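Residue strings, one per chain:
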Amino acid sequence: MLRRPVCRWTRHSPIVSVYALVKVPVHYWICGCFTAWSVVLIIMTGMKNFAGLATLRFFLGGFEASIAPSMLVVSSMWWTRREQVLRNNIWYSMNGMAAILGSLLTYGLGHIKSNVLHEYQIIFLGIGLLSLAFAIPTWFLFPRHPARVKWLTQEQKYIALERIRLNNTGTQTHEFKWAHVREALTDPKSILFVIMVFCISLVSGGITSFGPLILKGFGLTQFQTILYNSECQHQAL
């Protein structure tokens, strides 16, 4: 029963993120979700029952699901439409790389012996601290609006803005308009894009989500399942 609200929150989180990206600067939102995800994962170390884990997983999935639409906004702020395709493919493929490295990291952390913490607590704590270590400097290094970054000269800022003028999307707006929502819901290209992503996710999502259960069904141990699961994640690349 607890799985349903978790799935609903994860599914609707991108919608919440789209609205938040209009009201909050994109670099603040991404860094905030990154940091919050790390903190929630660390807090999960102290959970010792399913109800506590499921509750925190509710928020963990929401912060994670907010990254994808946020990165689309970042791509549109810095690159032309022709350039965005390759950039989006590069960062989206990192989902597969993260799953591969995450499986290897989980395998290693799971072998740490402790008289205080269980294996899953060590995994949560280790990955959470590592993520937080990267999240903190992100607040200072993640680029802001092209016209407000410090490492570009005035001439370079002007060029950066002129390059994306033909996108006809602007760089960032702070006004949420329902007319844009209706336009997206009726736009043939947007509808085809949604269908395409749905078909891709239907297959890849099943493999990534239930891959460990499938592998475990072949008689593999818990740690063997984690290790071999990293091989299954190559399909995401």
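These lines cover the structure that appears in this document, whether it is placed above or below. It should be emphasised that the depicted structure is a prediction, and the values quoted were computed from it without experimental measurement.

What follows is about helix α3 (residues 50-65). The terminal C-alpha atoms of α3, which comprises 16 residues, lie 22 Å apart, in line with the 22 Å expected from a rise of 1.5 Å per residue. Within the sequence span of α3, burial applies to Gly52, Ala54, Leu56, Leu60, Gly61, Gly62 and Ala65. Two or three places before Ala51, at the start of α3, stands the capping residue Asn49, its side-chain oxygen 3.3 Å from that residue's backbone nitrogen.

Further remarks concern a nonpolar patch on the surface. Together, Tyr28, Ile136, Trp139, Phe140 and Leu141 give the surface a local cluster of nonpolar side chains, amounting to about 600 Å² of exposed area. With 4 residues, the top contributor of residues to the nonpolar patch is helix α6 (residues 119-141). Here Trp139 lies in helix α6. By relative accessible area, which is 36% here, Trp139 ends up partly exposed.

A few words now on the state of the cysteines. Evaluation of the coordinates by the stated rule reveals 0 disulfides. Sulfur of Cys31: no disulfide; nearest cysteine sulfur belongs to Cys33 and is 9.5 Å away. By relative accessible area, which is 0% here, Cys31 ends up buried. Its relative accessible area of 3% is what places Cys33 among the buried residues.

By size, the foremost hydrophobic cluster in this structure holds 12 residues: Leu21, Val26, Ile30, Cys31, Met71, Val74, Met77, Trp78, Trp91, Phe142, Val149 and Leu152. Secondary-structure elements contributing two or more residues to this core are α2 (26-43) and α4 (67-78). The element best represented in this core is α4, accounting for 4 residues. With residues near it in sequence (within four places) discarded, Met71 still touches Ile30, Asn88 and Trp91. Among the nonpolar cores identified, the runner-up in size contains 10 residues, and Val40, Leu60, Ile122 and Ile127 belong to it.

Each pair of packed helices gets described by two things: the angle between the helix axes and the distance between those axes. Where α4 meets helix α5 (residues 81-110), the axes come as close as 10 Å, and the angle between the chain directions of the two elements is 145°. Note that α4 runs across α5; the crossing there is right-handed. Together, Ala68, Met71, Leu72, Ser75 and Ser76 of α4 and Gln84, Asn88 and Trp91 of α5 make up the contact between the two elements. Its residues placed into classes, the contact of α4 with α5 shows 4 nonpolar, 4 polar and no charged.

Let us look at the packing of α5 against α6. Two elements in contact, α5 and α6, have axes whose closest approach is 9 Å; the angle formed by their N-to-C orientations is 130°. Our classification of the angle between α5 and α6 gives oblique. Crossing of α5 over α6 shows right-handed handedness. In this structure, α5 uses Leu105, Thr106, Leu109 and Gly110 to contact α6, whose residues at the interface are Glu119, Ile122, Ile123, Gly126, Ile127 and Leu130.

If you walk through the whole model with that rule in mind, you get 4 aromatic pairs. When the ring of Trp78 is compared with that of Trp151, the centres are 5.7 Å apart and the planes differ by 10°; the resulting orientation is stacked. Taken as a pair, Trp78 in helix α4 and Trp151 in the loop between α6 and α7 (154-163) lie far apart in primary sequence, 73 residues in all. Given a relative accessible area of 14%, Trp78 falls into the buried group. Ring geometry for Tyr120 and Phe124: centres 5.9 Å apart, planes at 80°, overall edge-to-face. With Tyr120 and Phe124 both in helix α6, this residue pair falls 4 residues apart, about one helical turn.

Along the chain, Thr225 turns up in helix α10 (residues 222-232). Classification of Thr225 by relative accessible area gives buried; the value is 5%. Non-local contacts of Thr225, meaning those with residues more than four positions away in its chain, are made with Pro212, Leu215, Lys216 and Leu220.

What counts and what doesn't
Residue positions are counted from 1 within each chain, in the order its sequence is given. Per-residue local features of the predicted model are confined to residues with pLDDT of at least 70, and side-chain atom pairs are confined, for both listing and counting, to 80 or more; whole-chain, interface and lining totals are unaffected and use all residues. No hydrogens and no water enter the side-chain calculation; it runs on all heavy atoms of the structure. A run of H or I in DSSP becomes a helix once it reaches four residues, and a run of E becomes a strand once it reaches two; helices and strands are each numbered from the N terminus. Expected span, for any helix, means 1.5 Å times one less than how many residues it has. When a residue's accessible area, from a 1.4 Å probe over protein chains only, is under 20% of the maximum for its type it is buried; when over 50% it is exposed; and in between it is partly exposed. Contacts described as polar in this section are N or O atom pairs within 3.5 Å, which, within protein, must combine one atom able to donate a hydrogen with one able to accept it, while residues neighboring in sequence count only if both atoms come from side chains. Like charges are joined within 9 Å and nonpolar side chains (Val, Leu, Ile, Met, Phe, Trp, Tyr) within 5 Å, but only among residues with over 30% relative accessible area and no salt bridge; these make up the patches. Calculation of accessible area relied on Shrake-Rupley with a 1.4 Å probe; when residues are assessed, cover is drawn exclusively from the protein chains displayed. A carboxyl oxygen of Asp or Glu within 4 Å of a side-chain nitrogen of Lys or Arg is what we treat as a salt bridge. Any cysteine sulfur atom paired with another within 2.5 Å is treated as part of a disulfide. Remark: nonpolar core denotes a set of buried residues (Ala, Val, Leu, Ile, Met, Phe, Trp, Tyr, Cys) joined through side-chain atoms within 4.5 Å. Any two residues whose heavy atoms approach within 4.5 Å at even a single point are treated as in contact. To get an axis, fit a line to the C-alpha atoms, keeping to the stretch in contact for a helix; angles then go from 0 to 180 degrees between the N-to-C directions. Less than a right angle of anticlockwise turn of the near helix away from the far helix marks a crossing as left-handed, whereas a clockwise turn marks it as right-handed. Note on residue categories: nonpolar means Ala, Val, Leu, Ile, Met, Phe, Trp, Tyr, Cys or Pro, charged means Asp, Glu, Lys or Arg, and polar means any other residue, Gly included. Small angles under 35 degrees read as roughly parallel and large ones over 145 as roughly antiparallel, with 65 to 115 read as roughly perpendicular and the rest as oblique. Between 30 and 60 degrees the pair is tilted, below 30 it is stacked and above 60 it is edge-to-face, where a pair is any two Phe, Tyr or Trp rings, Trp via its six-membered ring, whose centres lie within 6.5 Å.

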